[in-house]
Amino acid sequence: MAIASDPAAMTEPTPARAEGGFWTRLDALISWLGEGLNPILVKETRQALKSRQFTLWFVLLLVACWITTVGGVALVGPSIYYVSAGGYLLRVYYAVLLLPLTVVIPFNAFRSLTAEQEENTRDLLEVSTLTPWQVVNGKLGSAVLQMLMYLSALAPCIAFTYLLRGVDLLTIGLLLLYAVLASIGLSMIGLLLAATNKQRRGQNFLAVVFAGGLFFAFSTIFAMSMAAMELDPGERSSPAFFWIHLGLLSLYATTFGIVYVATAGLCTFSSANRSTPLRVALVIQQAVFIAWCAGMIATSPAVGDGLLAIVFTASIYWFVAGAVLTSEPAELSQRVRRRLPQSLVGRALFSWFCPGPASGYIFAITNLGLVLLLWAGSIIWCRVTGSMPLASALFIAAVCWAYIVTFLGLGLLAITALRKVATLTLLGGFLVQVLLVLAASGVPLLVQVLSNRVRLGDATLYETTSPVLTVMRLTDGQLDATEEYLVAGVVFSAAASVLLVCLRLAGREAGLRRVAKPQRVIEDDLSMAPAAQPVPTNPWGDLAVRTARTEEREG
Amino acid sequence: MNLSPSSNGGPVASDPAAWTMSSRPAATSAPPIELRNLNRWFGTTHAVDDVTFTVGVGEVFGYIGPNGAGKTTSMRILATLDEPSSGDAFVDGFSVVEDPDRVRSRLGFMPDYYGTYQNVNVWEYLDFFARAYGLRGTVRKRALDFVMDFTGLDDLARKPIDGLSKGMKQRLCLGRTMIHDPSVMVLDEPAAGLDPRARIELREMITRLAELGKAVLISSHILTELAEVCDRVGIIELGRLVAVGTVEEISSRVEQRIAVQVRLLGEVGPLVAWLQQQPEIEEVSAAEAHVRFVQSSERERSAEHLADTLAGMIGAGFRVTEFSTKSKSLEDVFLHVTQGRVQ
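Remember, it's a predicted structure, so these values are computed and weren't measured experimentally. (Residues numbered from 1 in each chain as written. Chains lettered and ligands numbered in written order. Predicted model: local features only at pLDDT ≥ 70, side-chain atom pairs only at ≥ 80, totals over all residues. Heavy atoms only, no water.)

As for the overall build of chain B
Under the convention used in this document: Starting at the N terminus, helices and strands are each numbered in turn, a helix being any DSSP run of H or I of at least four residues and a strand any DSSP run of E of at least two. Burial classes follow relative accessibility: with a 1.4 Å probe on protein chains only, a residue under 20% of its type's maximum area counts as buried, one over 50% as exposed, and anything between as partly exposed. In this description, contact between two residues means that some pair of their heavy atoms is separated by no more than 4.5 Å. Only the protein chains shown count as cover for residues, and all accessible areas are computed by the Shrake-Rupley method using a 1.4 Å probe.
Each helix and strand in chain B was counted, giving 11 helices and 14 strands. For chain B, with 343 residues in total, the buried portion stands at 55%. Taking all contacts inside chain B whose residues are at least 6 apart in sequence as the whole, residues at least 24 apart take part in 68%. As displayed, chain B offers around 14300 Å² of accessible surface, 49% of which is attributable to carbon and sulfur atoms.

And the structure:
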């Protein structure tokens with residue numbers, strides 16, 4: 001941007017240079033810090049501080065805390081000096097705090113984005129130079145700020161519960177951490193939901209569903225927190241407790257990353273690259289998943305019978321991710337094509353991170369294949385298969401991968417064909433993928449309902465269209481060797497055929513070449529770049545060098 | 001920053017020089033606004049049909065057409081809020097589809113709705129958009145000072161937006177549109193619902209913006225407003241651009257019947273009789289010392305025919321003191337060019 005990027009214009013007096021008394025310097029420091037704040041955060045804070053809703057909730061929170069404190073102390077009476085009443089009071093305070101944190105703040109975050117649409121300000125934000133990341137950060141920052149205000153209001157009460165005994169610092173810290181993380185996570189989900197729909201009717205529906213979900217989340221988190229309070233202090237300091245919580249935190253962090261990237265993507269102009277950040281976030285979550293699985297397989301022999309759960313989780317995960325990625329628009333904008341990888345190695349490795357439905361297909365099945373290969377390598381290396389023979393476990397994993405390859409590929413072909421005759425959105429493409437799996441899963445049921453002969457006879461061939469049914473039978477060992485060969489023949493040949501067809505589409509996308517920047521963009525980049533300063537290469541000047549060389553030659 | 005300091009080092013908000021694009025990168029040969037074969041389909045409705053035009057530096061371009069003609073759709077595409085089905089639009093040479101971020105920093109868009117926030121006063125509103133456009137520190141302060149002064153909102157700085165009148169809200173929106181000193185301004189129905197005084201003031205502001213070198217694309221239903229402020233106009237109907245040029249150019253292109261008034265010394269009766277004998281002259285009428293008639297002619301030869309008629313009168317001995325044609329107003333041209341069809 002012309003104005004913002006003018007470095008001379010952006011030079012502001014730093015607080016160190018400000019002169020005057022303490023208050024003047026403090027004012028200068030605050031002003032200087034304020035300049036770096038997100039514009040949306042500044043605006044929303046100003047709005048929130050003047051809004052009746054925030055005032056009402058804040059006052060209600062204070063009143064509820066005051067009543068709890070006075071009531072609690074009155075009930076306990078003089079025995080407060082020797083009774084451990086802190087735990088009971090903490091439960092009430094926690095309920096009072098959790099309501100605004102898990103219901104009010106996330107719903108406010110949802111409303112703050114939908115209100116931009118209702119008040120016709122969303123267009124104004126879009127035409128400004130704010131990036132989608134700034135918009136999301138600003139809205140999320142506003143939620144965090146509100147959260148801090150509620151927490152600060154309740155801090156004296158929480159400290160009071162510790163003084164009353166009956167509750168330790170670790171418990172208090174964990175409860176507050178869960179409440180804060182839940183609030184941030186739910187606010188992020190609220191922003192994602194608000195970004196998915198720009199129609200008022202859809203937003204109203206989403207608001208009702210989201211509000212219901214928030215109350216459910218409030219009650220669930222409260223119940224879980226109370227259960228955590230009941231835990232024996234020894235359990236809370238056990239290694240298992242630590243690992244479970246670290247696992248949950250890593251799941252939370254990586255999922256939060258995906259939701260964050262998806263929300264920013266939904267707020268981005270359609271010609272921009274919205275897919276690559278999402279794919280990177282998915283790969284990060286997969287890497288964390290692989291790390292946890294590897295750790296479990298290597299350290300816990302008891303995991304044997306749960307090994308297939310890893311296969312099923314990865315398969316479902318990559319089917320859902322693949323269904324979204326294969327629904328992306330087929331046409332790459334010139335803007336995206338300006339940044340396509342150029343070298344052979346770059347195109348071979350990174351083309352699959354670029355937007356496009358076929359590249360999304362390859363990305364999903366390759367990642368699933370990678371997870372399953374690592375899984376297979378781990379169980380072979382560690383010799384951990386539980387009660388199931390190794391060959392059967394590997395066969396089931398291969399069947400799962402083949403099903404995903406087949407269904408995502410068929411979905412991709414269906415979406416490509418439908419787009420030739422009609423406009424299909426991302427959501428539409430996703431629904432096509434899901435409907436395809438549901439339809440295929442329904443085929444065996446339909447055949448069995450319509451035909452007595454099939455019902456009584458061997459139905460394995462019909463059931464191969466249903467991934468869930470087939471994998472269930474394989475896992476339970478209900479199929480004999482012949483039937484397993486039949487399943488393998490049908491599923492693997494279908495996967496190979498579909499993959500071959502889809503590889504042509506993928507090859508076409510990977511073959512796209514980078515396009516040059518328009519001349520006007522190059523000119524603009526050059527005009528914005530700071531002028532290169534002459535770098536002194538010879539402190540004695542060229543004349544001295546020339547003289548020395550001449551003397552050398554002559555000498 | 002684009003704001004040039006005044007001679008004494010401080011900003012002078014009311015001085016147009018304080019708001020010039022002095023540090024903007026060197027101008028290119030690309031026009032500030034260019035629509036190139038722009039098309040937009042909504043289902044089976046062809047909202048914008050192969051529209052092409054350019055707007056130059058410091059030019060005010062009026063975009064007129066009946067409701068549903070495709071004005072707002074084209075403007076939204078230009079403002080990067082919508083995408084064309086085919087074709088492209090350019091701002092300072094940057095494609096609105098491929099480089100929307102570069103377009104946004106150069107463009108100020110004023111939609112036909114206010115877009116205001118609750119619990120925010122005038123100063124906070126403008127401050128937010130100044131921050132949103134990346135203005136920081138004293139640069140932002142100077143921009144705010146200038147815009148408040150330019151739009152006459154100084155005295156209302158701390159007033160909540162909800163309490164502003166329609167005219168004041170319109171001023172505020174214009175201030176928001178120009179807060180980042182864009183080189184291109186797209187104003188959709190800026191005069192809608194304003195009283196006569198507010199309209200005149202808005203017209204003056206737009207003229208001043210053009211004097212500062214900004215390319216202004218403005219749509220309005222109030223054609224008399226546009227006629228006074230626009231250098232050129234484009235008339236759009238059913239998504240198609242049916243005429244582009246100055247009002248005079250379009251008038252001359254569409255005029256086939258020219259109303260003429262002649263004033264002369266002496267009796268008007270003989271002139272009336274003479275005129276009635278001339279071919280291509282109709283509706284001759286006389287009143288006191290002047291005669292009115294309508295001359296029909298081909299578009300390309302209308303000026304030549306008028307000159308011939310005048311020469312004929314003088315040759316016939318009439319002492320002509322005044323010979324004037326009544327030019328068509330923008331409303332006449334609009335009604336002539338468009339057919340009132342909607343889709």
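So, helix α7 (residues 132–163) of chain A
Residues and elements named next belong to chain A. The criterion, for reference: A helix's residues, less one, multiplied by 1.5 Å, set its expected span. A residue's bend is simply the angle between two axes: one fitted to the seven residues ending at it, one to the seven starting at it.
Taking 1.5 Å of rise per residue, the 32 residues of α7 would be expected to cover 46 Å, and the 45 Å separating its terminal C-alpha atoms lies within 8% of that figure. Largest kink in α7: about 45 degrees, centred on L154, with the proline P156 one to four residues after it. Of the residues flanking the end of α7, it is R165, one or two places downstream, whose phi is positive at about 70 degrees.

Thoughts on the sheet that holds strand β8 (residues 215–219) of chain B
All names here are of chain B. As a reminder of what qualifies: Here, any two strands with at least 2 DSSP bridges between them count as paired. Orientation is described by axes fitted as lines to C-alpha atoms, over the contacting stretch for helices, and by angles from 0 to 180 degrees between their N-to-C directions.
Pairing is mixed in the open sheet, where 6 strands are placed in the order β6-β7-β8-β3-β9-β10. Edge strands, defined here as strands with exactly one partner in the open sheet, are β6 (107–110) and β10 (240–245). Pairwise comparison of adjacent strand axes, ignoring direction, gives a mean angle of 15 degrees for this sheet. As paired elements, strand β3 (residues 60–64) and strand β9 (residues 232–237) share 4 bridges and run parallel to each other. Its bridge partner being in β9, I64 is matched across the sheet by I235.

Topic: the interface of chain B and chain A
Just so we agree on the cut-off: Buried area adds together the accessible area that both of two parts lose upon being put together, with accessible area traced by a 1.4 Å probe. Here, a salt bridge means any side-chain nitrogen of Lys or Arg that lies within 4 Å of a carboxyl oxygen of Asp or Glu. Polar contacts, as counted here, are pairs of nitrogen or oxygen atoms within 3.5 Å of one another; within protein the pair requires one atom able to donate a hydrogen and one able to accept it, and residues that are adjacent in sequence qualify only if both atoms are side-chain atoms.
Taken together, the contact between chain B and chain A spans 54 residues of the former and 45 residues of the latter. Interface of chain B and chain A: buried area, both sides summed, is about 4500 Å²; carbon and sulfur atoms make up 54% of it. For the chain B face of the interface with chain A, the top three residues by lost area are B:E98, B:Y117 and B:R131, together amounting to 14%. Inspection of the region where chain B meets chain A yields 8 salt bridges. Applying the counting criterion to the chain B and chain A interface returns 18 residue pairs in polar contact (both at pLDDT 80 or more). Contributing elements (two or more residues each) for the side of chain B that touches chain A: α2 (100–106), α3 (122–132) and α4 (137–151) of chain B. Broken down by element, the residue count for the side of chain B that touches chain A peaks at 8 residues, all from α3(B).

Looking at a nonpolar patch on the surface
All names here are of chain A. Where we set the bar: The patches reported here contain residues having more than 30% relative accessible area and no salt bridge. Joining distances are 9 Å for like charges and 5 Å for nonpolar side chains (Val, Leu, Ile, Met, Phe, Trp, Tyr).
On the surface, V59, V63, W66, I67 and V70 cluster together into a nonpolar patch covering about 490 Å² of accessible area. Within the secondary structure, V70 is located in helix α4 (residues 52–76). Of the residues examined, V70 reaches a relative accessible area of 43% and is grouped as partly exposed.

A few points about the pattern of salt bridges
Pairing between side chains becomes possible if they bear opposite charge and their charged atoms approach one another. Residue and element names in this part refer to chain A. Per the counting criterion, the structure on display carries 32 salt bridges over all chains. In this structure, R473 and E463 form a salt bridge, with 2.9 Å as the shortest nitrogen-oxygen distance. Placement of the pair is R473 in helix α21 (residues 467–476) and E463 in helix α20 (residues 460–463), with a sequence separation of 10 residues. You can call R473 partly exposed: its relative accessible area is 29%.

Focus: the packing of helix α5 (residues 86–118) of chain A against helix α8 (residues 169–196) of chain A
All names here are of chain A. Going by this rule: Working definition: roughly parallel below 35 degrees, roughly antiparallel above 145 degrees, roughly perpendicular at 65 to 115 degrees, and oblique for all remaining angles. Here is the rule for handedness: rotate from the far helix to the near one, and if that takes an anticlockwise turn smaller than a right angle the crossing is left-handed, while a clockwise turn gives right-handed. When residues are sorted by character, Ala, Val, Leu, Ile, Met, Phe, Trp, Tyr, Cys and Pro go into the nonpolar class, Asp, Glu, Lys and Arg into the charged class, and all the rest, Gly among them, into the polar class.
For the pair α5 and α8, interaxial distance at closest approach is 7 Å and the crossing angle is 20 degrees. In terms of axis orientation, α5 runs roughly parallel to α8. Here the hand of the crossing between α5 and α8 comes out right-handed. A per-class count over the contact of α5 with α8 returns 22 nonpolar, 5 polar and no charged.

As for the environment of A:A281
All names here are of chain A. Along the chain, A281 falls in helix α12 (residues 275–299). Residue A281 is classed as buried on the basis of its relative accessible area, which comes to 10%. Sequence separation between A281 and A262 is 19 residues, and the spatial gap between their C-alpha atoms is 9.5 Å. When sequence neighbours within four positions are dropped, the list of residues in contact with A281 reads G257, I258 and V261.

Some points on unusual backbone geometry
Residue and element names in this part refer to chain A. Its identity is not glycine, yet N120 carries a phi of approximately 60 degrees, on the positive side. Of note, N120 is situated in the loop between α5 and α6 (122–127). Residue class for N120 comes out partly exposed when judged on its relative accessible area of 34%.

Focus: helix α10 (residues 302–315) of chain B
All names here are of chain B. To be explicit about the condition: Comment: arc refers to directions from the helix axis out to C-beta atoms.
Taking 1.5 Å as the rise per residue, α10 with 14 residues should run 20 Å; its terminal C-alpha atoms sit 20 Å apart, in good agreement. Within α10, the full set of buried residues consists of S302, H305, L306, T309 and M313. Viewed end-on, α10 has its buried residues packed into an arc of 100 degrees, placing them on one side of the element. Turned more than 90 degrees away from the buried face of α10, the exposed residues are A303, I314 and G315. At its buried positions, α10 is contacted by β11 (257–265), α9 (269–277), β12 (281–287), β13 (290–296) and β14 (319–325). G317 sits one or two residues past α10 and shows a positive phi near 95 degrees.

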